[in-house]
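Fold and contact review
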Amino acid sequence: MPDYDTKDELDQKSRVFSSTATIELKSGEIAIGISDKHGRRKDAEDQAAERAFKSIHSAMFPAESRDPIPAPSINTSQHSPDIRYKNLLQELLVKGRHALPQYDTPDVGNKHKPIYVSTVTVQLESGIQFTAKSDRHSTKKAAEMQAAQRAYDKICANDCQVVGS
């Protein structure tokens, strides 16, 4: 995880941010990325982190191109059990500086054969709030995972443009 040193200043009557991201590797080496000036703190920190990660990539793979490492592609229309949607949803919301998702997963079955239905509530920074509900599952984990997947799919319906805006 990068450490950020972000400064803000007035530049021709508008507030601008510049950031330095420092990443310490297990080997003891340090990677540093410095951003340009941006109108938003998040943009400055994102650029600084990207540049720090690129410098690590360049040091590890000098013969390869200097293009950014592509993000993993996730096709949410194929509901893979290997994708941890609770983690994806939380990372997406944290990156956009939104509140963490809240899960309500009551046991609606009997003691010997519990049935779980989960509802996740997501509150975006813009004030928009929505919920996503799972089908009935025999485990709490499966119910919460499906609710998280549905919330994630809802947010990313427009290529995740809602997050971070």
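This one's a predicted model, so the numbers in the text were calculated from it and none came from an experiment.

Our focus in this paragraph is the overall build of the chain. In terms of helices and strands, the chain carries three helices and six strands. Reading the chain from its N terminus to its C terminus gives the helix and strand order β-β-β-α-α-β-β-β-α. Of the roughly 11,200 Å² of accessible surface on the chain, 50% is carried by carbon and sulfur atoms.

Turning our attention to the packing of aromatic side chains. The final tally for this structure, using the stated rule, is one aromatic pair. On the basis of an interplanar angle of 65° and a centroid distance of 5.8 Å, the ring pair of tyrosine 85 and tyrosine 152 is categorised as edge-to-face. Here tyrosine 85, found in helix 2 (residues 85-95), pairs with tyrosine 152, found in helix 3 (residues 140-155); they are 67 residues apart in sequence, far enough to count as distant. Summarising the burial analysis for this pair, tyrosine 85 and tyrosine 152 share the class buried. Over the ring of tyrosine 103 we find lysine 86, and its NZ or CZ is 4.8 Å from the ring centre.

Moving on: the environment of aspartate 153. Structurally, aspartate 153 is set in helix 3. Along the backbone, aspartate 153 and alanine 132 are 21 residues apart, and their C-alpha atoms lie at a distance of 9.8 Å.

This prediction gives the chain a mean pLDDT of 76; 76% of its residues lie at or above 70. Confidence scores differ between elements of the chain, with helix 1 (residues 41-60) showing the lowest mean pLDDT of 76 and strand 4 (residues 102-104) the highest of 93. Counted against residues more than four places away or in other chains, residues 63-79, with its pLDDT under 50, gives 16 contacts. For residues 161-165, every residue scores under 50 in pLDDT, and the model assigns this stretch 13 contacts once sequence neighbours within four places are set aside.

Right, let's talk about the pairing of strand 6 (residues 129-133) for a bit. By the alternation rule, side chains of strand 6 split into Phe130 and Ala132, which are all buried, and Gln129, Thr131 and Lys133, of which none is buried. For strand 5 (residues 119-123) and strand 6, the ladder comprises five bridges, and the chain directions are antiparallel. Looking across to strand 6, one finds that glutamine 123 is bridged to glutamine 129. If you look at the hairpin formed by strand 5 and strand 6, you'll find five residues sitting between the two strands, and glycine 127 has a positive phi there, around 100°.

About the cut-offs
Residues numbered from 1 in each chain as written. Predicted model: local features only at pLDDT ≥ 70, side-chain atom pairs only at ≥ 80, totals over all residues. Heavy atoms only, no water. Helix = DSSP H or I, 4+ residues; strand = E, 2+ residues; numbered from the N terminus. Areas by Shrake-Rupley, 256 points an atom, 1.4 Å probe, with all protein chains shown as cover. Phe/Tyr/Trp six-rings, centres within 6.5 Å; stacked < 30°, edge-to-face > 60°. Buried < 20%, exposed > 50% of the residue type's maximum accessible area, 1.4 Å probe, protein only. Lys NZ or Arg CZ within 6 Å of the ring centre and 35° of its normal. pLDDT = per-residue confidence, 0-100. Contact = heavy atoms within 4.5 Å. Pairing = 2+ DSSP bridges.

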